[in-house]
Every structure is written in C-alpha cells, then in structure tokens.
Amino acid sequence: MPNRLAQSQSLYLRKHADNPIDWYPWGDEALEKARADNKPIFLSIGYSSCHWCTVMEHEAFSDTVIADYMNDRFVAIKVDREERPDLDSIYMQAVQIMGESGGWPLNLFLAPDDLVPFYGGTYFPIEPRYGRPGFLRVLQSILEIYYERNHDIQEYKDQIVRNLHQVNKLIPVPIISDEVLAHGIAKCAEVVTNRDYGTCFPMIPYANFLLMASRFEPEEVTLKNKARQRGLDLVLGGIFDHVAGGWHRYTVDHTWTVPHFEKMLYDNGLIMEYVANLWLSGLKEPAIARSCELTATWLQREMLAEEGCFYASQDADSEGKEGKFWVWSYPELKKIFSTTELETLIQEFTISVAGNFEETNVLQRKHHGELSPEVEACLTKLFRLRYGEYSRPTDAFPVARSQVDIREIDWEGRVPPITDTKAIVAWNSMMISGLVTAYRAFQKPIYKQLAVNAAKFILENQWIEGLLQRINYEGQATVAAQSEDYALLIKALLDLHQAIPEEANFYLQQAIAIQAEFDRDFWDVLSGGYFNTTSESSQHLLLRERNYQDNATPSPNGIAIANLVRIASLTEKLDYLDRAELALKRFGHVITNSPVACPSLLVAFDWFRNHTLVRTNPEQYAYLDRQYLPAVMKRIDKNLPNPQAIAMVCQGMACLEPAMSQEICDRQLQRSTTRVK
C-alpha cells in the first residue's frame, strides 16, 4: 500500500511512495509526531536524478525488515533537495562538521525536540560493503545511543550548533582591498586547472571568473588559455552528448571521458552561457557552435513544456542500468555501420572493441574543428537508433514521467530515462541566460525565442498573492521562492535586457520590480546581504543562512550583488550601489581570506569596482552586443552630447569624452573595465 508520499507533487518523493517505510514529507505533522512519541527523526534528502539515491531506494528503503524496524522506532522524513535547498544546505554542513564527506542521498538522525542532527552520512548499503556498515546495524546503534547516551548526544548537538553558527558567522570589514581580485584570480585558477582528483566537474562559477579576469592580462594569455581549455573540455569531452545534445553532470575520470550520466538543466544553462561567452571572446571553435545548437535541440525535444518552461532533469539510469540510453557497444556499432563508416567515426571519436565504460563506448571527440558531413551522417544514424527511425532533432520526444510511462509507452527507439518535469525558477533562469548569450554569439532566432518564452512563463505564472514561487508542477506554482530564484531570475531579465534592446525597457522594469520584492523579504536590514529564505519560510530551520559559497551553481549573494551594480549602471540610482557595497563589506572577510569559496562574490566585487556603462546608438549597440565585455552594461541613447559620436563610455557615474571612432571606444572600454585589479 502506498505511503504518504504518493500524494506528493515531487517526483523524487513519489519514487519512494511504494516503500514499506512509513515516510512523511517535511512538515508539522511529522515533526509533531516525533516530539509527541519521543522518537528520533530519520531525515533523508535527495533528488530525482541522483543515482545513489535510486540505489538506496531499491535496497535499504525497500527492505521489509529495515522498514518494520524503522516504522516502530523512528519518524522517517523524505525531502526533495530541489524543493528545499535551504534545508539541504544546513544539514549538509552539519554532516561535514561531523567529519563526513558530503553527497546524496544525505541521511541524518535528528533529535525531535530541536531538530539538531547527532549522526549522519550519505549512502548506507543494505549489507556491510564499501567500508560502510549495513543500514539495519546503523539504525540499531542510533537507537541505543539516543536512549542510553542522551547526555552525550546533547553535548554533541550543542557542538554541532555552535559550529554551524561559526561557519555562517560573517565578519564585516570597513573596506575591501583592491588586491583581493589578484589574489582571488590566482586561487580560482588553481581550482580550474587542478586535475589531481578522479572526477571532473564543470565548475562554471570558477571558470567564468577566470574568463572575466583574463582582460587584466593584455600581454599574456595564461588566464584566457585556462578558461578556453575548460570550454574545450566541455564541448569535446564525453561529458557532452555528441549525438543529441546536452551536457551530463560530470565525469568520473580526469580526462573528461566517462560521465555521470544525469542531465541537469542548471548545468546546461551555465555551460551554454560560458561557452557562448568564450565564442564572443574570440574562441571561434566550431565545436562550441555545434554544442549550443545540439543543446537547443535537446531542450526542444526533451525538456520543453508546452507552456514554454523547461523541465528540471533526466535520470542517469534507464532500464535499471546507468548510462544505457547514451552509450554504444562495439558489436552494435559494427552492425549498423559499414566498415568505411565505422573507420570514419573511429577517426573522430573514442571508440574501441573493449569500450571505455562497462564494455560500451562513450563518445569523446579526438580533434577540434568541424565534423565532416560523413561523420555527421554517422551521428544521425546513432540519433535515429536512439530515438526512432524517422525522428528528427527537434521532434518532440515522449516524456517518461514515471516507471508507468516507461512500461506503457511504445518506444520506437531506446527506452529513455525518467524526466523530472517540475520547473524550477532558478534553473530556468540559468537556462534563459545561457540561451540569450548564445543568441548574442550566433544570432539564431530560436535561442532568443526559447529564452523569451521561458521568461514569459515565469513572469505570468509564478506569483501567488504577490510572492514568487520556486516550483511549477504541471501548471501549478508552489513552494516559496528562495534567494537563488530571485537573484538568478533578475540576472536573466538583465541579460534579456542587454540582448534584446527593442524590449529593453520591459525587462528592466520587471527586474526592478522583482528586485524590490527581493530586497523587502530577503535583505538583512541589520548587516547586509541576502538570506536564503524569508523569515516566514525559516520555520524549523536551525539558522537563517546567507549563502555565499559557490558549488555547481553560483552563490545567490554573488549573483545578487552583481545585479545591484548592473541595475545601478542602467538607472543611475545610487541606492543600488550603496546596497551592493554594504553587502560586499559584510562578506569582505570571506572574499579576502577564502576566495576559493566564493568566485561569484569576486565577480560581484569586480563589477562593483570596474562597472562601465556604454551609451550608444543602435548600430554601435549591435556591434558591441557581439563582443565579450565583462563588467559592461549597454544602453541605447539617441541623444548623445555630440551627434557625431558613436558612444559615450561612463566609468561608474562619470562619463568620458564622447568616442568619435571605434578605436577610441574600444580603448576607453579597455581602460574603464581594468581600472582596478
């Protein structure tokens, strides 16, 4: 019989609806029951496309012996981290304070009275293996500790809480030295070029800061080369789906060959924006253009709701096997290709008899440049083998929303992974920014149209009683938005403002209005910076966090502060700059001493110290829009002081002499955007 999660809108929670465990969603009912019965809480956090979450659901959470033991002695709560990143962030920090490595599924045991964890970890196998104890034994030990060593637990919990507050304690500074940029550049460059680890993540916030900072080195090209290499790894490596578009989550090796196969919308938005900026900066690598084009077709085919918003993610597994939808065995390739065709394909991609992933082949490009028509024809064959004989790149592909769909839909090609069809404002916003940047780079109308439609959907559907909602489930807005939703949506609107000058005023006014809502409900009026949640949404949280650290996605405060500077440039209202300065000072100690934690704050500081506005005519605007101009905002001004001028460059709030030629304009921009390093 299904448990309470069967009524959930979250795909991740519904995947656990048939577990014998008596799961509760996070909320008052579960918390009050735990307190009334004096039972420890087992809190499990994950997300739909998480491979090891799926493994644990099939193993420990489906085991009746474990379920009976847990149902009698614990209150079990499931949380979708994509709905509640605030909960996930706090409890992830708690597990790391305990000395455990972070990851998902994130499993913790909380005291019911104060919700403070006293033990936690990630994946627990059903039987002892991988150096981990069996899950039933873990439960037995936890119960013994909870009831027989309660005093020790209290001391340990107090320590956890103290450490949590210490980690999140922000020491303001009266002034931030301009030297922090140079220091931060050096440290973040180490992150981008470090290949000591087995896995390779895109790390776009770091690469983006490096690319932005490369303008400071006119004589050398060290930073630009590092930034470009990251882009080449992303468009040539096995992390990219060379057959059908879209980037996978990360690779499990240091050569960018074998991915962890889930596809997340946020990765694709961030990477598309980054590689399109590389193109604008001068790296005219054909693989960049191809990756953006194929990813746009993937979005249209598999990730686009009829209403215009984008789905959240696709699983790594299909038919119970990781990567099966995307990889190719050598016998399979020999069967569908002639000897000449296969040799042609092998010249361009990593293909062998043994394969590079469990006796199958992940396609990774061996060379830069254009792919020949013959190679593209081979890839089209693979595309049709996967999607169906008569499929085309932008044909809508049936969406598998559940295992029921997997069983009942007559799949013409391969059986696909499950797609999580919820739309998340923050993730859609990152995709909007990626698409409009690609539009600026390649001038393909479909990129602009996809971005405009997604923004229109959010603006028209994601407010309830004047408050932005984070999630949309099949047309229903729900879950109060968090700071990343506001910050990234405002950024997307400003990016649309820059890319579509004919609609600039509309997007600016929308950004200003949403910024006012953001400031009202999230701004820390006492000391600056933006909280992750509103005060109303912070019920049951151990602390009200202000996120400043970057991970797979940029930090909300980094994006938000840069937004303030960008809006100030366009409106010439100093209140926005004052707020940006106060927030930067609040995070000043972190920026100065821990730059590796916060590249997006360094980007925001760069914007604050070097922000430049170009007032120009429509013709010059079009030219500038096809350049990579970090720390620059553009505005069409038909009433320049000198009618013969092509532009006026303004450093902060002071404008230079009107630029009478392209050469003068370029020189002024270079000087203005590098006045502080």
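Rules and cut-offs
Residues numbered from 1 in each chain as written. Predicted model: local features only at pLDDT ≥ 70, side-chain atom pairs only at ≥ 80, totals over all residues. Heavy atoms only, no water. Helix = DSSP H or I, 4+ residues; strand = E, 2+ residues; numbered from the N terminus. Buried < 20%, exposed > 50% of the residue type's maximum accessible area, 1.4 Å probe, protein only. Phe/Tyr/Trp six-rings, centres within 6.5 Å; stacked < 30°, edge-to-face > 60°. Lys NZ or Arg CZ within 6 Å of the ring centre and 35° of its normal. Axes fitted to C-alpha atoms, helices over the stretch in contact; angles between N-to-C directions. Parallel < 35°, antiparallel > 145°, perpendicular 65-115°, else oblique. Left-handed = near helix turned anticlockwise from the far one by under 90°. Contact = heavy atoms within 4.5 Å. Nonpolar A, V, L, I, M, F, W, Y, C, P; charged D, E, K, R; others polar. Arc of directions from axis to C-beta. Polar contact = N/O pair within 3.5 Å; in protein donor to acceptor, adjacent residues only side chain to side chain. Disulfide = S-S within 2.5 Å. Salt bridge = Lys/Arg side-chain N within 4 Å of Asp/Glu carboxyl O. Pairing = 2+ DSSP bridges. Expected span 1.5 Å × (residues − 1). Domains from an automatic or database assignment.

A cis amide bond, omega 5 degrees, links Trp104 with the succeeding residue Pro105. By the secondary structure assignment, Pro105 is in the loop between helix H5 (85-97) and strand S4 (106-110). Located in the positive-phi region is Trp256, a residue other than glycine, with phi close to 65 degrees. According to the relative accessible area criterion, Trp256 is buried, its value standing at 2%. Despite not being glycine, Glu474 has its phi angle at roughly 50 degrees, a positive value. If you trace the backbone, Glu474 turns up in the loop between strand S15 (467-473) and strand S16 (476-480).

Bringing the packing of aromatic side chains into the picture now. Aromatic rings considered in pairs are described by the distance between their centres and by the relative angle of their planes. The tally for this structure, following the rule as stated, stands at 33 aromatic pairs. Residues Trp52 and Tyr123 carry aromatic rings whose centres are separated by 4.9 Å and whose planes lie at 50 degrees to one another, so their mutual orientation is tilted. Taken together, the positions of Trp52 in helix H3 (residues 51-58) and Tyr123 in the loop between strand S5 (117-121) and helix H6 (135-148) put the pair 71 residues apart, joining distant regions of the chain. Between Tyr146 and Tyr147, the aromatic rings sit 4.8 Å apart at their centres with planes inclined by 80 degrees, giving edge-to-face as the arrangement. Overall, Tyr147 belongs to the partly exposed group, its relative accessible area being 44%. One cation-aromatic arrangement involves Arg301 over Tyr387; the distance from NZ or CZ to the ring centre is 4.6 Å.

Between helix H9 (residues 204-213) and helix H24 (residues 599-610), the least distance of the axes is 8 Å, while the angle of their chain directions is 30 degrees. The orientation of H9 with respect to H24, classified from their angle, is roughly parallel. As for the relative orientation of H9 and H24, their crossing is left-handed in sense. In this structure, H9 uses Pro205, Tyr206, Asn208, Phe209 and Met212 to contact H24, whose residues at the interface are Pro599, Ser600, Leu602, Val603, Asp606 and Trp607. Classifying every residue of the contact of H9 with H24 gives eight nonpolar, two polar and one charged.

In this section: helix H25 (residues 618-625). Regarding H25, the residues found buried are Gln620, Tyr621, Leu624 and Asp625. The buried residues of H25 occupy an angular sector of 140 degrees when the element is viewed end-on, so they sit on one face. One side-chain oxygen of the residue at the start of H25 lies 3.2 Å from the amide nitrogen of Glu619, identifying that residue as Asn617.

On to the state of the cysteines. Counted according to the given criterion, the structure contains two disulfides. With a sulfur-sulfur separation of 2.3 Å, Cys50 is cross-linked through a disulfide to Cys53. Taking the sign of the torsion about the S-S bond as the criterion, the disulfide between Cys50 and Cys53, at about 80 degrees, is right-handed. Across this residue pair, the class does not change: Cys50 and Cys53 are buried. Cys650 shares a disulfide with Cys655; S-S distance 2.0 Å. Looking down the S-S bond of the Cys650 and Cys655 bridge, the torsion is 85 degrees, so its handedness is right-handed. Residue Cys655 is classed as partly exposed on the basis of its relative accessible area of 39%. Look at the protein chain and number its bonded cysteines as they come in the sequence; the links are 1-2, 3-4. Looking at Cys188, it has no disulfide partner, and the nearest cysteine sulfur is the one in Cys598, 7.4 Å off.

As enumerated under the stated definition, the model contains 43 salt bridges in all. Across the salt bridge formed by Arg149 and Asp152, the nearest N and O atoms sit 3.5 Å from each other. Measuring nitrogen to oxygen at the nearest pair gives 3.3 Å for the salt bridge that ties Asp267 to Arg249. In this pair, Asp267 is assigned in helix H11 (residues 265-280) and Arg249 in the loop between helix H10 (222-236) and strand S6 (250-251), connecting sequence segments 18 residues apart. Residue Arg249 is classed as buried on the basis of its relative accessible area of 9%. One continuous salt-bridge network, built from bridges that share partners, spans Asp80, Glu82, Asp420 and Lys422.

Turning next to the sheet that holds strand S3 (residues 75-80). Overall, mixed pairing links the five strands, which are arranged S1-S3-S2-S4-S5 in an open sheet. What marks the edges here is a single partner per strand, and that holds for strand S1 (24-25) and S5. Here strand S2 (residues 41-46) runs beside S4; their pairing, made up of five bridges, is antiparallel. Looking at the pairing, Leu43 lines up with Leu108 of S4.

With 15 residues, H10 extends 21 Å between its outermost C-alpha atoms, agreeing within 8% with the 21 Å of an ideal straight helix rising 1.5 Å per residue. Residues of H10 that are buried: Leu223, Ala227, Arg230, Gly231, Leu232, Asp233, Leu234, Val235 and Leu236. Elements in contact with the buried residues of H10: helix H8 (179-193), H9, H11 and helix H12 (286-303).

Further remarks concern the domain arrangement of the protein chain. The domain architecture assigned to the protein chain consists of domain 1 (4-168) and domain 2 (612-674). Each of domain 1 and domain 2 has a C-alpha centre, and these two points are 55 Å apart.

Before going further, it helps to examine the packing of H10 against H11. The geometry of H10 relative to H11 is characterised by a closest axis approach of 10 Å and an angle of 125 degrees between their N-to-C directions. By the angle between their axes, H10 is oblique relative to H11. Note on packing geometry: the crossing formed by H10 with H11 is left-handed. Residue-level contacts link Ala227, Arg228, Arg230, Gly231, Leu234 and Val235 of H10 to Ile271, Tyr274, Val275 and Leu278 of H11. Across the contact of H10 with H11, the residue classes tally to seven nonpolar, one polar and two charged.

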